[in-house]
Amino acid sequence: MSSVISVSNLSKVYGSGFKALNNINLDIKRGEIFALLGPNGAGKTTLIGTICGIVNPTSGSVTVGGHDIISDFRAARAMIGLVPQELHTDSFETVWNTVSFSRGLFGKPKNPAHIEKVLKDLSLWDKKDSQIITLSGGMKRRVMIAKALSHEPQILFLDEPTAGVDVELRKGMWEVVRTLQQAGVTIILTTHYIEEAEEMADRIGVITKGEIILVEDKAGLMQQLGKKRLTLQLQHKVDAIPPALAPYNLHLADGGREITYDYDTKGERTGITSLLSDLRNAGIRISDLDTEQSSLEDIFVSLVRKS
Amino acid sequence: MNWRAIQAIYLFEMARTWRTLLQSIVSPVVSTSLYFVVFGAAIGSRITEVEGVSYGTFIVPGLVMLSVLTQSIANASFGIYFPKFVGTIYEILSAPVSYFEIVVGYVGAAATKSIILGLIILATAGLFVPLHIHHPWWMLTFLVLTAVTFSLFGFIIGIWADGFEKLQMIPMLVVTPLTFLGGSFYSVNMLPSGWRTITLLNPVVYLISGFRWSFYEIADVSVALSLGMTLGFLAACMAMVWWIFRTGYRLKN
């Protein structure tokens, strides 16, 4: 798949000396949903802001659809719809006017039919003549998405789209995002809800302290996720794993008082039953056992800690 | 050129004007009428004539300029400060619009509003005193140039300001005094010579003088100088705006 956004050696140092982005390299593929995960202050919003033209980069370059974001900013920005994290709205405008304004701002001719479709898709049609100030938080969020979609972008940035949004609405938002992807729109979303990334993304990138520390297919990450570890506490210390148990690939821990066994929950059989009977045959007695699952959250937390 | 974007920004700003019609149009008209009552009636009864025209008539161009200056600055500074304040500026900055187009949209709307206002005040003045405009085209030229120049100046203030206090500071502490001391209500020739020299350092003198000349053919300084100073100030504001956008000052950092 060809990449639609290409970020190379991008850095941003703010006037205060704070280094928000440190030599970022990232390619976003056309048509994918890319989730950018990271703790607060990791540089997610600065990265998006730089790609969209809101923040001037200190060094490095970005192309969008092959257009440089500085020398060819018109072509680059015309492709992008941006939904920022904060609810920035013109309180006194009506929904219809503010969404139409966005379309004009992006240089597109008037198209009431398209605006109507966007508002209907986002369940805002019956609010089209309401002033934005009268809407609830969730509706305002959808108005901002409508503004971003008003000019038919090929790329949509959603910065924390479901922060502070109730479960019902979050599911609705995911639905909208999927429909957009089917229509060929590339979507980049930032989130710190792991489950959101799990649910939505094709690929996941992890950013912390201004650096991208991991980019991987979600499938690959999920494979790691499917792994579970069984820990068996032994009644008596053993010095070595009996050769008969070699196929299980067991590990000794806690000075011979524990045996650990890694298995795949997604496999047809986990092998636990036969392991337990083989252990008994080998004369190893168990006092206790427990299992743990490595979640995306664990991977994420350990990655962020390590960096 | 993204004409649709210019149109969108311009119409958005004008819509804001119509929404706030009362404070935009009515209050300057009321305050101008008050000037007429106070200055025209109270002082005008003592100063009967200035350089061949009645005092009430003499102050009309100055009053129009006073409103155009302050309203241009107020409109334009608020127009760009408000999106910065509420955060909606993100959309302007991420849109495929050039800086030039942004300025044309915002400054164009602010200038339009203050030109309309200037003409309304002129019409209001016509109810109090007889008006005669010798050079209507020059009058309009000075009106438009001043409105555009000071809207640009207001735009700069709006970008520079990072709080409502700063937004008010320059208009209150600099522009209003300069306007009052710029010959709105008197002829510079009426001042003692020492003060006259100092007054000539005030850029507003040139604006008002040129504007008044277009009405009555009386001027404190030559018309060419008035025009030159106005264009010079316009150029200075443009250079400043160009620098702001080139560096991303207070917008993209």
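Residues numbered from 1 in each chain as written. Chains lettered and ligands numbered in written order. Predicted model: local features only at pLDDT ≥ 70, side-chain atom pairs only at ≥ 80, totals over all residues. Heavy atoms only, no water.

### Some words on a negative patch on the surface
Applied cut-off: Each patch groups residues whose relative accessible area exceeds 30% and which form no salt bridge, using 9 Å between like charges and 5 Å between nonpolar side chains of Val, Leu, Ile, Met, Phe, Trp and Tyr. All accessible-area figures derive from a Shrake-Rupley calculation using a 1.4 Å probe, and residue coverage is judged against the displayed protein chains alone. Criterion for a salt bridge: a side-chain nitrogen of Lys or Arg within 4 Å of a carboxyl oxygen of Asp or Glu. Positive charges come from Lys and Arg alone, negative charges from Asp and Glu alone, with His and the N- and C-terminal ends not counted. By convention, charge coordinates are those of NZ in Lys, CZ in Arg, CG in Asp, or CD in Glu. Strands are runs of DSSP state E lasting at least 2 residues, helices are runs of H or I lasting at least 4, and numbering of each runs from the N terminus.
Negative charge collects at one region of the surface, where D288, D290, E292 and D298 of chain A lie side by side. No other element matches the 3 residues that strand β14 (residues 286-293) of chain A contributes to the negative patch.

### What about the nonpolar core?
Here is the rule: Only buried Ala, Val, Leu, Ile, Met, Phe, Trp, Tyr and Cys residues count toward a nonpolar core, and they belong to the same one when joined by side-chain atoms within 4.5 Å. Exposed residues in this analysis have more than 50% of their type's maximum accessible area, buried residues have under 20%, and partly exposed residues fall in between, with area computed by a 1.4 Å probe over protein chains only. In what follows, a contact means two residues having at least one pair of non-hydrogen atoms within 4.5 Å.
Counting 138 residues, the largest nonpolar core has I5, V64 and F157 of chain A together with F155 of chain B as its most contacted members. If one sorts the elements of this core by residue count, helix α3 (residues 55-86) of chain B sits on top with 12 residues. Residues contacting F157 of chain A, with those up to four places away along its chain left out, are I5, I48, I51, C52, I80, G81, L82, V83 and I188 of chain A. Counting residues in each nonpolar core, the second largest holds 13 residues, with L230, L232, Y263 and I284 of chain A among its members.

### Considerations on the domain arrangement of chain A
Note the following rule: An automatic or database domain assignment provides the domain bounds reported here.
What the domain assignment lists for chain A is domain 1 (3-223) and domain 2 (227-294). The straight-line distance from the C-alpha centre of domain 1 of chain A to that of domain 2 of chain A is 47 Å.

### Quick look at the interface of chain B and chain A
As a reminder of what qualifies: Two parts placed together each lose some accessible area under a 1.4 Å probe, and the buried area is that loss summed for both. In the analysis that follows, any N or O atom pair within 3.5 Å is treated as a polar contact, provided that within protein one partner can donate a hydrogen and the other can accept it, and provided that, for residues neighboring in sequence, both atoms belong to side chains. For this classification, Asp, Glu, Lys and Arg are treated as charged, while Ala, Val, Leu, Ile, Met, Phe, Trp, Tyr, Cys and Pro are nonpolar and the rest, including Gly, are polar.
Contact residues are listed per partner, giving 27 residues for chain B and 28 residues for chain A. Carbon and sulfur atoms supply 56% of the area that chain B and chain A bury against each other, a total of about 2500 Å² over both sides. For the interface between chain B and chain A, the tally reads 3 salt bridges. Across the chain B-chain A interface, the total number found is 11 residue pairs in polar contact (both at pLDDT 80 or more). Mapped by element, the contributors of at least two residues to the side of chain B that touches chain A are α1 (3-19) and α4 (89-94) of chain B. Looking at the side of chain B that touches chain A element by element, the count peaks at 7 residues for α1 of chain B. Its residues assigned to classes, the side of chain B that touches chain A shows 14 nonpolar, 8 polar and 5 charged.

### Describing the sheet that holds strand β2 (residues 19-29) of chain A
All names here are of chain A. Cut-off, in case you're wondering: At least two bridges found by DSSP between two strands are what make those strands a pair. Axes, fitted as lines to C-alpha atoms, cover a helix only where it is in contact. Angles between the N-to-C directions of the axes lie from 0 to 180 degrees.
Strands sit in the order β2-β1-β4-β5 across an open sheet of 4 strands; the sheet is antiparallel. Each edge of the open sheet is held by one strand with a lone partner, namely β2 and β5 (67-68). In terms of strand pairing, strand β4 (residues 59-64) meets β5 through 2 bridges, oriented antiparallel. Bridging from a neighbouring strand, V64 pairs with H67 of β5. Where helix α1 (residues 44-52) meets the sheet, its contacts fall on β1 (3-13), β2 and β4, and the angle it forms with β2 comes to roughly 65°.

### Things to note about the environment of T20 of chain B
Along the chain, the position of T20 of chain B falls in the loop between α1 and α2 (21-43). Considering only alpha carbons, one finds T20 of chain B and M229 of chain B, 209 residues apart in sequence, at a separation of 33 Å.

### Focus: the pattern of salt bridges
Applying the stated criterion to the full structure yields 14 salt bridges over all chains. Of the charged contacts, one joins R19 of chain B and E93 of chain A as a salt bridge, the two residues approaching to 3.3 Å between their closest N and O atoms. Here R19 of chain B is found in helix α1, whereas its partner E93 of chain A is found in the loop between β6 (80-83) and α3 (95-105) on a different chain. Notably, a salt bridge pairs D129 of chain A with K128 of chain A, separated by 3.3 Å at the nearest N-O pair. On the basis of relative accessible area, D129 of chain A is assigned to the exposed category, the value being 57%.

### Comments concerning the packing of α3 of chain A against helix α5 (residues 137-149) of chain A
All names here are of chain A. Where we set the bar: Left-handed describes a crossing in which the near helix is turned anticlockwise from the far one by less than a right angle; the clockwise case is right-handed.
At their nearest, the axes of α3 and α5 sit 7 Å apart, and the two run at 35° to each other. You can see that α3 and α5 cross each other, and the crossing is right-handed. Taken together, the residues of α5 that come into contact with α3 (itself represented by V95, T98, V99, F101 and S102) are V143, A146 and K147. A breakdown of the residues in the contact of α3 with α5 according to their chemical character gives 5 nonpolar, 2 polar and 1 charged.

### A short note on the packing of aromatic side chains
Keep this limit in mind: To pair, rings of Phe, Tyr and Trp, with the six-membered ring standing in for Trp, must have centres within 6.5 Å; the planes then decide the type, stacked if under 30 degrees apart, edge-to-face if over 60, and tilted in the middle. A ring is scored as having a charge over it whenever the NZ atom of a lysine or the CZ atom of an arginine sits within 6 Å of its centre and within 35 degrees of its normal.
For the structure on display, the rule yields 21 aromatic pairs over all chains. On the basis of an interplanar angle of 20° and a centroid distance of 5.9 Å, the ring pair of Y81 of chain B and F85 of chain B is categorised as stacked. In this pair, Y81 of chain B and F85 of chain B are both assigned in helix α3, 4 residues apart and thus about one turn of the helix distant. Overall, the relative accessible area of 4% leaves Y81 of chain B in the buried class. The interplanar angle of 75° and the centroid separation of 5.2 Å between the aromatic rings of F211 of chain B and F215 of chain B together place this pair among those described as edge-to-face. One end of the pair is F211 of chain B and the other is F215 of chain B, both in helix α9 (residues 203-216) and 4 residues apart, which spans about a single turn. For F215 of chain B, a relative accessible area of 0% puts it in the buried group. An aromatic cluster is present here, built from Y99, Y106, F155 and F245 of chain B joined pairwise through their rings. When the ring centre of Y14 of chain A is taken as origin, the NZ or CZ atom of K12 of chain A, which lies over that ring, is 5.2 Å away.

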